[in-house]
Amino acid sequence: MPYPHLFSPLDLGHLTLPNRVIMGSMHTGLEDRARDFDKLAAYFAERVRGGVGLIVTGGIAPSIEGWLTPLGGRLSMPWHVARHRKVTRAVHDEGGRICLQILHGGRYGYHPFSVAPSRLKAPITPFTPRALGARGVERTIADFVNCARKAREAGYDGVEVMGSEGYLINEFLAERSNQRHDAWGGSVERRQRLPVEIVQRMRAAVGPDFLIIYRLSMLDLVDGGQTWDEIVALARKIQSAGASLINSGIGWHESRVPTIVTSVPRAAFSWVTRRLKAEVSIPLITSNRINMPAVAERILADGDADMVSMARPLLADPHWLRKAREDRAADINTCIACNQACLDHVFEHKRASCLVNPRACHETELVVTAAASSRRIAVVGAGPAGLACATTLAERGHAVTLFERAAQIGGQFRLAMRIPGKEEFAETLRYFSRRIEQTGVELRLATEATPDALGGYDEVVLATGVTPRALVLAGAERANVLSYVDVLQGHAAVGQRVAIIGAGGIGFDVAEFLIEPAPSPSTDIARWAREWGVDTSLAARGGLLPPAPAPAARQVWLLQRTPGKLGKRLNRTTGWVHRATLAAKQVTMLGGVEYERIDDAGLHIRIDGQAQVLAVDTVVVCAGQQANRSLHAALAARGLRGHLIGGADVAAELDAKRAIAQGTQLATTL
Ligand code: FAD
Ligand code: NAP
Ligand code: SF4
């Protein structure tokens, strides 16, 4: 047994779980419409077939007031039960267990009916909540209990009470958001009354043979958050109230410390759960940035927790557990914590999926079937688009040749993985290397595909990607003007004072590459916590200390022509982390810049008509990309058609999410 702790069963009294993984709650968007419940059932069933023993659904509101978004998923009425039965039946048919997460959005509710302990608007929503009266609090407790009863009726094995992340219950617990002076606020005991009453009354209503998981905020990471002593006292009360397990919640959504993005070190918060282990006797679940079996095994073996929760890693690879059990960790399609197709979609009110696995939440729609007949197919370019397309085509039974002009696979993704905090991206290329071997793709590295070489194939797919846009400016030909490719590949020396032209995703990444002294803080939990101000001694309220960023390795100016704040188009849930990182390292970010020339004095610019010279020794050009389609035109001249995917198709707004999804989709149709 390769991971003995991970695969040791957990006896919870009335049921035994087969392993120590819980599929954590993850909103997918499929919970919100009755018509999508068949798709939701298929999504969960696939994860159970892959070895998941216990699932927690995405958050379901116990009332309209508790909605996260208008018309979001809710379980409060008798007619809501039937749709949930589809989900529980599908999971049970495959031998799994499933709990419903009851989530009351509180002041995070993105609608005008939101409620909270006090009338205080959250910094992340435009709606000011209504303060619940004493009767409103009683009604809310009854709503939670009613929801749990209905969950039982719908066949769920239990519920998870969402008590963290800054939602309603967490809002009652913290001084920051609870300024009441009645029976539900004022002292610690009164602030803690709401969750205790909920769990107590829920246990009385559902009986002993039903799981109640309580998601407890172990680290609020906001000013005016709870103290560690308060958290310990609450955990003990929740245990006495009848909870079966306690899950770890880290940070509020409004917190300015990243908690799950890729630059957060793996298992960055399991030390918090470990601290609570000494205080309670019911099993504890730890979570956040646990994405590979060795990490999970180490946490369990060290005794930090009794179970590990993973949500995104099981979106990325539904068969994660089966592969771990068979000692095939290298075959796992690892979650790279990019948030691009999961959390970003949810915040944009779109259905979630996964950058590295576009089938996630589309199990019934993006189906990979055996090809009617095997054909010879050439794929040109082994970037994300070509890799996804070639391996899916070969999986379907086609004879696939993959041409790559570089000595290694990966395309631009290989540059991305050099960025501090994006080290995880290497896992995707490891995964695709394995898929190439397993599916039998014939990989021709260091081979430029030419129209002659492509003549004899039944189909040709062009995944030739993008080329950096050249800078048109006096002095652009100077030796100290570099492309981001040269910089990231380490082919050019970079000075101490650097101007970056272009502040898109790549400009930001290159700035981080230039300012961050190696090794990156994402590989060192203690250093990362210090830099972001996480109090690992747990002495400070909310677990927050003043951030202490290490000095920048260089002085950097990041520039764009568009006026206004930089980084507006960065991804929804991760852009703020990049902006905060650069600000902490004193990168000068300038918008509304006109570039004039580069000479011995440096980069000459003009802002609001005012001329300035940035006395830099290096200029790095990150001015966007252009599609590389020369081969497409050459093939067309011979009457041959090539299917264009990824950056070769459209360079604007390109990312690996689109490249992989487009490559996979095309492969299912050829
Ligand atoms: P490419 O990755 O450009 O691959 C094209 C491949 O085709 C190359 O390997 C090239 O050598 C090969 N090729 C071209 N012509 C030929 C030929 N004639 N014969 C043989 N081979 C040929 N995206 C995200 O989604 N999230 C991120 O966080 C992110 N960060 C990034 C950070 C950096 C620093 C960079 C540079 C990019 C980042 N990206 C990110 C963008 C992402 O890497 C690209 O969107 C993605 O790689 C595009 O995939 P593609 O397959 O279309 O093209
Ligand atoms: P981009 O986002 O289009 O940014 C290009 C930058 O160059 C802009 O700041 C633009 O700003 C500037 N620019 C454009 N034309 C210029 C010109 N002729 N001269 C000078 N400046 C010019 O492209 P990118 O940064 O190259 O990134 C490419 C893709 O990779 C992006 O679409 C992104 O999705 C993806 N990516 C994603 C991430 C991520 O974290 N998700 C990270 C990196 C890359 P002005 O026009 O205002 O000057
Ligand atoms: Fe993980 Fe990114 Fe996929 Fe989300 S989209 S599950 S963060 S790899």
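Residues numbered from 1 in each chain as written. Chains lettered and ligands numbered in written order. Predicted model: local features only at pLDDT ≥ 70, side-chain atom pairs only at ≥ 80, totals over all residues. Heavy atoms only, no water.

Asker: Provide a residue-level description of empty space enclosed by the protein, including the pertinent values.
Answerer: Using the criterion set out here, one finds four cavities of 30 Å³ or more in the structure. Taken as a whole, the largest cavity encloses approximately 90 Å³ of empty space. If you go around the largest cavity, you meet 13 residues; those closest to its centre are Cys335, Cys338, Cys342, Cys354 and Leu355. Of the residues contributing to the lining of the largest cavity, the split by class is 10 nonpolar, two polar and one charged. (1 Å grid on protein atoms, 1.4 Å probe; cavity = no way out; pocket = protein on both sides within 12 Å on 5 of 7 lines; lining within 4 Å. Points joined across faces, edges and corners; volume = space filled by probe spheres on them. Nonpolar A, V, L, I, M, F, W, Y, C, P; charged D, E, K, R; others polar.)

Asker: Kindly report on the site of ligand 1, identifying the contributing residues and their values.
Answerer: The immediate surroundings of ligand 1 are formed by 38 residues, with Gln340, Glu404, Lys422, Gly647 and Ala656 found nearest. One of the backbone nitrogen or oxygen atoms of alanine 385 is found 3.0 Å away from an oxygen atom of ligand 1. One of the side-chain nitrogen or oxygen atoms of lysine 422 is found 2.6 Å away from an oxygen atom of ligand 1. Computed on the free molecule, ligand 1 has an accessible area of 990 Å², of which 93% lies beneath the protein chains in the complex. Here the shell around ligand 1 takes four residues from helix α14 (residues 412–416), the largest share from any one element. Counted by class, the shell around ligand 1 contains 20 nonpolar, 11 polar and seven charged residues. Viewed by domain, the shell around ligand 1 spans two of them, domain 2 (376–467 + 626–667) and domain 3 (470–516 + 552–623), each represented by three or more residues. (Near = heavy atom within 4 Å. Polar contact = N/O pair within 3.5 Å; in protein donor to acceptor, adjacent residues only side chain to side chain. Areas by Shrake-Rupley, 256 points an atom, 1.4 Å probe, with all protein chains shown as cover. Helix = DSSP H or I, 4+ residues; strand = E, 2+ residues; numbered from the N terminus. Domains from an automatic or database assignment.)

Asker: So, the pairing of strand β10 (residues 245–250): which residues are in play, and what are the values?
Answerer: In terms of burial, β10 is largely enclosed, as six of its six residues are buried. Summarising the sheet, strand β9 (residues 211–219) and β10 pair through six bridges and their orientation is parallel. When the sheet's bridge partners are listed, isoleucine 213 is paired in β10 with leucine 245. In this sheet, strand β11 (residues 284–286) lies alongside β10 in parallel orientation, the contact comprising two bridges. Looking at β11, one finds that isoleucine 246 is bridged to leucine 284. Taken together, β10, helix α8 (residues 270–277) and β11 constitute a β-α-β crossover, and its handedness is right-handed. (Buried < 20%, exposed > 50% of the residue type's maximum accessible area, 1.4 Å probe, protein only. Pairing = 2+ DSSP bridges. Right-handed = clockwise from strand over helix to strand, strands pointing away.)

Asker: Provide a residue-level description of the site of ligand 2, including the pertinent values.
Answerer: Neighbouring ligand 2 are 23 residues, the closest being Ala503, Arg561, Thr562, Asn571 and Gln625. In the model, a nitrogen atom of ligand 2 is placed 3.1 Å from a nitrogen or oxygen of the arginine 469 side chain. In the environment of ligand 2, an oxygen atom lies 3.3 Å from a nitrogen or oxygen atom belonging to the backbone of glycine 504. Expressed as a share of its isolated accessible area of 900 Å², the protein-covered part of ligand 2 is 79%. Top contributing element to the shell around ligand 2 by residue count: helix α17 (residues 505–515), with three residues.

Asker: Provide a residue-level description of the domain arrangement of the protein chain, including the pertinent values.
Answerer: Per the domain assignment, the segments of the protein chain are domain 1 (10–347), domain 2 (376–467 + 626–667) and domain 3 (470–516 + 552–623). With centres defined by C-alpha atoms, the gap from domain 2 to domain 3 works out at 30 Å. Between domain 2 and domain 3, the residue contacts involve seven residues of the former and 11 residues of the latter. The junction of domain 2 with domain 3 conceals about 860 Å² of combined surface from both sides, 58% of it contributed by carbon and sulfur atoms. Looking at the side of domain 2 facing domain 3, the largest losses of area belong to Leu415, Ile419 and Pro420, adding up to 54% of the total buried there. Across the domain 2-domain 3 interface, the total number found is two salt bridges. Here glutamate 653 ties to arginine 569 by a salt bridge, and the two come within 3.2 Å at their closest N and O atoms. Linking domain 2 to domain 3 there are four residue pairs in polar contact (both at pLDDT 80 or more). (Contact = heavy atoms within 4.5 Å. Buried area = accessible area lost by both parts, 1.4 Å probe. Salt bridge = Lys/Arg side-chain N within 4 Å of Asp/Glu carboxyl O.)

Asker: So what's going on with the packing of helix α1 (residues 37–49) against helix α2 (residues 81–93)? Residues and values would help.
Answerer: At a minimum axis separation of 8 Å, α1 and α2 run at an interaxial angle of 20 degrees. The angle between α1 and α2 places the two elements in the roughly parallel class. You can see that α1 and α2 cross each other, and the crossing is right-handed. Residues Phe37, Asp38, Leu40, Ala41, Phe44, Ala45 and Val48 of α1 form the contact with α2, whose participating residues are Arg83, His84, Lys86, Val87, Ala90 and Val91. A class-by-class count of the residues in the contact of α1 with α2 yields nine nonpolar, one polar and three charged. (Axes fitted to C-alpha atoms, helices over the stretch in contact; angles between N-to-C directions. Parallel < 35°, antiparallel > 145°, perpendicular 65-115°, else oblique. Left-handed = near helix turned anticlockwise from the far one by under 90°.)

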